[in-house]
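# Residue-level structure breakdown
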Amino acid sequence: MSYLKIDHIDKTFQRGAASTNVLKDVSLDIEKGEYVSVIGHSGCGKSTLLNIIAGLTPISAGAVLLEGREVNDPGPERAVVFQNHSLLPWLTVYDNVALAVNKVFGGRKSKAERHDWIMHNLDLVQMGHAKDKRPAEISGGMKQRVGIARGLSMEPKILLLDEPFGALDALTRAHLQDSIMQIHAALGNTMIMITHDVDEAVLLSDRIVMMTNGPSARIGEVLDVRLDRPRKRLDLVSDRTYIAAREAVLKFLYERHRFVEAA
Amino acid sequence: MGRAVLKEVPAGAKVVALPGGNPGVVSLPAAASKPLSARLAPWLTSLLVNIVPPMITVALILLFWQLAAHGPQSSLPTPTKIWAEAKDLITEPFFWNGSQDIGLGWRILVSLQRVAIGFSLAAIVGVLLGALVGQSVWAMRGLDPVFQVLRTVPPLAWLPLSLAAFRDSQPSAIFVIFITAIWPVIINTAVGIRNIPQDYRNVAQVLRLNQIEFFFKIMVPSAAPYIFTGLRIGVGLSWLAIVAAEMLTGGVGIGFFIWDAWNSSRLSDIIVALVYIGVVGFVLDRLVALIGTIVTRGTLTN
């Protein structure tokens, strides 16, 4: 039995009399420790899919099973790294992570243990030095690092990343992708990442889930990325498997499922 | 200004280090220390720029007033006459010559005490009701029309009713303050809570914060700028209402002092009292604004 099972999910948004079918019959099995990317054109419902797994959006039909148990409300075992980091601006970097750690481990860890765990997670993303800064005082990339630290600090069974690097410039994005790869290698988390960046998907993922265009989006293809880890950005540029995987995703997105409206 | 410090972060982070060793992290400019005189100079300049123009305005108003009210048939006293008649009230706010002959400072304090009680109650109840209305669609549908009607009732219109209910002037005056100050607090809090970004709500949901944690950790800090706007309007209205209420209820406050002075035709005293009221109202407004700036530090910028 798979770790996370997405079982024939349908999602229809009702707005008065009008209804929009966003996802149709989406099924996916994810193993423990796997890094799965979901890619598709904008509006294909990939963020909706992530929100359903997170429990933030209710399902119209079907089920999400984590370790065989159905989940339909949000919880810290499915931590989310939000696209726009969603740090609370009135709290310092430390307090933002502390809010999560104190809530999740409040009864189980002592105050000193919790402090160590907060600092450990901040150090993991190299943000220990900025623990007393407020989100407004650090750069976009740093904010997203803290967002990742907050997600990791909940010790989630699955870390859900909603276009985590979408709002960052290319260089910062590359840094953070490397960080994520290192963290994934060290901790072996199960991660699901929403992205619209083909290179990012191929570089980071074990599998790439390609969504067709909405409405009624479904999973078009699933591509296994058989690249050895650890992966090095520079070595991959000329790697045949990498190039083939990249080509497969690009062909899916721009030949077979071209997004007409996105002119 | 400060100098930017380029700081190297040690590469050996506990478990994972970024590939390529040590990314340079540029810290924000540190506040550099300068000699005291150099730091005071701009401060003094800004003080002069802010103080001198209003001083000139006040001097011109006094001069004009002196000229206009000068003459035997003038019904209002001139500034020099006020100074001559009410010098003790101006120079000694805190004298005490028996229960009804006391300095204006004491009277202001009594009025401020009433405002403090009424306004604090209004702030607490207002934030709670505002949170309810902001958070629940049904509470908004049910309560908002009632609030919108009640908030237009002038403060003093409540006074006879509250006198009938409490049968005492002190709680009645406090009630009038409460009912005057609460509406802007409720309405602004509700708007602030309706404007909490969905992202913060998602964070709270993922963390499974309960209602009380959500209220204190997300709702209040996030809506704080709106809440303080409401509090600032509320404290201004309270101060407007207390003077009028005290005129009718009697007792010690500054409002009753004006009424008493009018009955004894001490126009100079009334004018001094007006200046006191204006200055205290201004200070109250700035005080709430200052607390707001400190409390909401960092909330607006993201």
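None of the values given here were measured: they were computed from a predicted structure.

Once that is clear, we can look at the overall build of chain B. What chain B contains, in helices and strands, is 11 helices and two strands. The order of helices and strands in chain B, counted from the N terminus, is β-β-α-α-α-α-α-α-α-α-α-α-α. Counting all 302 residues of chain B, 38% fall into the buried class. For chain B, the proportion of contacts with a sequence separation of at least 24, taken over those separated by at least 6, is 64%. With an accessible surface of roughly 17,300 Å², chain B has 70% of that area assigned to carbon and sulfur atoms.

When helices and strands are tallied, chain A shows eight helices and 10 strands. Across its three principal directions, the C-alpha atoms of chain A cover 55 × 50 × 40 Å. Sorting the 263 residues of chain A into buried and exposed places 57% on the buried side. When the accessible surface of chain A is summed, it comes to about 11,400 Å², and 49% of that surface belongs to carbon and sulfur atoms.

Now for the pairing of strand β9 (residues 207-211) of chain A. Residues and elements named next belong to chain A. Most of β9 sits inside the fold, with five of its five residues counted as buried. Residues Arg207, Val209 and Met211 point to one face of β9 and Ile208 and Met210 to the other, with burial holding for every one of them. Here four bridges tie strand β3 (residues 35-39) to β9, and the two strands are oriented parallel to one another. Across the sheet, the residue bridging to Ser37 is Ile208, located in β9.

The next point concerns the pattern of salt bridges. All chains considered together, the criterion is met by 18 salt bridges over all chains. Salt-bridge contacts for Asp224(A) lead to Arg226(A); the nearest nitrogen and oxygen are separated by 3.6 Å. Overall, Arg226(A) belongs to the exposed group, its relative accessible area being 68%. Between Arg232(B) and Asp285(B) there is a salt bridge whose closest N-O contact spans 3.0 Å. Of this pair, Arg232(B) sits in helix α9 (residues 211-249) while Asp285(B) sits in helix α11 (residues 267-295), placing them 53 residues apart in sequence. On the basis of relative accessible area, Arg232(B) is assigned to the partly exposed category, the value being 34%.

The next subject is the packing of aromatic side chains. For the structure on display, the rule yields seven aromatic pairs over all chains. Connected via pairs of aromatic rings, a cluster forms that spans Trp158(B), Phe166(B), Phe175(B) and Phe178(B). In this structure, Lys109(A) is placed above the aromatic ring of Phe105(A), and the distance from its NZ or CZ to the ring centre is 4.4 Å. Between the NZ or CZ atom of Lys109(A) and the centre of the ring of Trp117(A), over which it lies, the distance is 4.3 Å.

Residues and elements named next belong to chain B. Where α9 meets helix α10 (residues 254-263), the closest approach of the two axes is 6 Å, and the angle between their N-to-C directions is 55°. Judged by the inter-axis angle, α9 sits oblique to α10. Crossing hand, α9 versus α10: right-handed. Facing Val243, Glu246 and Met247 of α9, the residues of α10 in contact are Ile254, Gly255, Phe256, Ile258 and Trp259. Of the residues in the contact of α9 with α10, the class split is six nonpolar, one polar and one charged.

This part takes up the sheet that holds strand β8 (residues 190-195) of chain A. Strand pairing within a sheet occurs via backbone hydrogen bonds; the two strands may be parallel or antiparallel. Residue and element names in this part refer to chain A. With respect to topology, six strands assemble into an open sheet ordered β6-β7-β8-β3-β9-β10, the strand pairing being mixed. If you trace the sheet from one side to the other, it starts and ends with β6 (78-81) and β10 (219-224), each paired once. Here the strands of the sheet are splayed against their neighbours by 20° on average, with no regard to which way each runs. On the sheet, helix α8 (residues 240-256) packs against β3, β9 and β10 and is oriented at approximately 170° with respect to β10.

Residues and elements named next belong to chain A. As summarised here, the arrangement of the four strands in space is β2-β1-β4-β5, forming an open sheet in which the pairing is antiparallel. For this open sheet the edge positions go to β2 (18-30) and β5 (69-70), each flanked by a neighbour on one side alone. As paired elements, strand β1 (residues 4-15) and strand β4 (residues 61-66) share five bridges and run antiparallel to each other. The partner of Leu4 across the bridge, within β4, is Leu66. Along the sheet face, helix α1 (residues 46-54) touches β1, β2 and β4 and points at about 115° away from the line of β1.

Residue and element names in this part refer to chain A. In β6, alternate side chains face the same way, and those of Arg78 and Val80 on one face and Ala79 and Val81 on the other are all buried. In this sheet, strand β7 (residues 158-162) lies alongside β6 in parallel orientation, the contact comprising four bridges. Across the sheet, residue Arg78 finds its bridge partner in β7, namely Ile158.

So, on to the side chain of Ser153(A). Tracing the chain through its elements places Ser153(A) in helix α4 (residues 140-153). Setting aside anything within four residues of it in sequence, one finds Ser153(A) in contact with Val97(A), Ala100(A), Val101(A), Phe105(A), Trp117(A) and Asn121(A).

Geometrically, a packed helix pair is captured by the angle between its two axes and the distance between the axes. Residues and elements named next belong to chain B. For the pair helix α4 (residues 104-135) and helix α5 (residues 137-150), interaxial distance at closest approach is 6 Å and the crossing angle is 125°. What the angle tells us is that α4 and α5 run oblique. Residues Leu129, Leu132, Val133 and Gln135 of α4 pack against Val137, Ala139, Met140, Leu143 and Phe147 of α5.

Within chain B, residue pLDDT values average 84, and 86% of them lie at 70 or more. Confidence drops under pLDDT 50 across residues 1-23 of chain B; counting only partners more than four residues distant or on other chains, this segment forms 46 contacts.

Rules of the game
Residues numbered from 1 in each chain as written. Chains lettered and ligands numbered in written order. Predicted model: local features only at pLDDT ≥ 70, side-chain atom pairs only at ≥ 80, totals over all residues. Heavy atoms only, no water. Helix = DSSP H or I, 4+ residues; strand = E, 2+ residues; numbered from the N terminus. Buried < 20%, exposed > 50% of the residue type's maximum accessible area, 1.4 Å probe, protein only. Contact = heavy atoms within 4.5 Å. Areas by Shrake-Rupley, 256 points an atom, 1.4 Å probe, with all protein chains shown as cover. Pairing = 2+ DSSP bridges. Salt bridge = Lys/Arg side-chain N within 4 Å of Asp/Glu carboxyl O. Phe/Tyr/Trp six-rings, centres within 6.5 Å; stacked < 30°, edge-to-face > 60°. Lys NZ or Arg CZ within 6 Å of the ring centre and 35° of its normal. Axes fitted to C-alpha atoms, helices over the stretch in contact; angles between N-to-C directions. Parallel < 35°, antiparallel > 145°, perpendicular 65-115°, else oblique. Left-handed = near helix turned anticlockwise from the far one by under 90°. Nonpolar A, V, L, I, M, F, W, Y, C, P; charged D, E, K, R; others polar. pLDDT = per-residue confidence, 0-100.

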